[in-house]
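# Secondary and tertiary structure notes
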Amino acid sequence: MTDAEALALALDEAHAAAAAGEVPVGAIVVENGVVVGRGQNRVLRDVDPTAHAEIVALREAGRALGNYRLGTCEIFVTLEPCAMCAGAMIHARLGRLIYAAADPKAGAVSSVLEVLNHPRLNHQMLVTSGILADESGELLRAFFRERRT
């Protein structure tokens, strides 16, 4: 599975979140080309401030693999992770993060904060960004445009 194909699956999760009235962010966790976790924002539906797409996907992956350490996995997310999600990825020891659109208001990879790959942390991960950024960004812009009207 290519990065673009995996991010397209995450984008499907984001569309489902939007259809449910949630901020349209989606994530999938992949191990050796197999999806082991899926997530979409569920904060409103679950009445849970931690139910971001990344956290939901990480929880599902951990259950599927029987381990909270996900060092052999990659996570694909439609929006740059926030500080909470970046911290969870560090604790999970993910091997790689791939995200579509930057988040200039809350991004914790490089936009606002640099939580991932901070030199004082004992875990570093590969990061790729920008794949399907236009599609992800437009979905978010359309969602918030509609909410304002």
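A brief structural summary. (Residues numbered from 1 in each chain as written. Predicted model: local features only at pLDDT ≥ 70, side-chain atom pairs only at ≥ 80, totals over all residues. Heavy atoms only, no water.)

### Digging into the sheet that holds strand 2 (residues 34-40)
To keep it simple, the criterion reads: DSSP-based pairing: two strands are paired if at least 2 bridges between them are found. The helix count covers DSSP runs of H or I at least four residues long, the strand count covers runs of E at least two residues long, and both are numbered beginning at the N terminus. Think of each axis as a best-fit line through the C-alpha atoms, taken over the contacting stretch in the case of a helix, with angles from 0 to 180 degrees between the N-to-C directions. Contacts: residue pairs with any heavy atoms within 4.5 Å of one another.
Spatial ordering of the open sheet is given by 2-1-3-4-5, a layout of 5 strands whose pairing is mixed. Unpaired on one side and paired on the other, strand 2 and strand 5 (126-129) mark the two borders of the sheet. Across the sheet, the mean angle from the axis of one strand to that of its neighbour is 15°, orientation sign disregarded. Together, strand 1 (26-31), strand 2, strand 3 (73-79) and strand 4 (96-101) form the strand contacts of helix 1 (residues 3-19), whose direction differs from that of strand 3 by roughly 50°.

### Here's the deal with the pairing of strand 1
Quick note on the threshold: Here the term buried applies to any residue with accessible area under 20% of the maximum for its type, exposed to any over 50%, and partly exposed to those in between, with areas from a 1.4 Å probe on protein chains only.
Buried residues dominate strand 1, accounting for 6 of its 6 residues. Residues Gly26, Ile28 and Val30 line one face of strand 1 and the alternating positions Ala27, Val29 and Glu31 line the opposite face, and both faces are buried. For strand 1 and strand 2, the ladder comprises 6 bridges, and the chain directions are antiparallel. For Gly26, the partnering residue across the bridge sits in strand 2 and is Gln40. Here 5 bridges tie strand 1 to strand 3, and the two strands are oriented antiparallel to one another. Bridge pairing in strand 3 links Val30 to Glu74.

### What about helix 3 (residues 53-65)?
How we decide: How far a helix is expected to stretch is found by multiplying one less than its residue total by 1.5 Å.
For helix 3, which comprises 13 residues, the first-to-last C-alpha distance of 18 Å matches the rise-based estimate of 18 Å (1.5 Å per residue) to within 8%. Listed as buried for helix 3 are Ala53, Glu54, Ile55, Val56, Ala57, Leu58, Ala61 and Gly62. Where helix 3 is buried, its residues contact strand 1, strand 2, strand 3 and helix 4 (83-92). Following helix 3 by one or two positions, Gly66 adopts a phi angle in the positive range, close to 70°.

### A few points about the side chain of Asp103
Let me state the cut-off plainly: His is not counted, nor are the chain ends, whereas Lys and Arg count as positive and Asp and Glu as negative. Any carboxyl oxygen of Asp or Glu within 4 Å of a side-chain nitrogen of Lys or Arg constitutes a salt bridge here.
Here Asp103 lies in the loop between strand 4 and strand 5. Here Asp103 is buried and forms no salt bridge, its nearest opposite-charge partner Lys105 lying at an N-O distance of 7.4 Å. In contact with Asp103, not counting residues within four places along its chain, are Leu79, Glu80, Ser111 and Val112.

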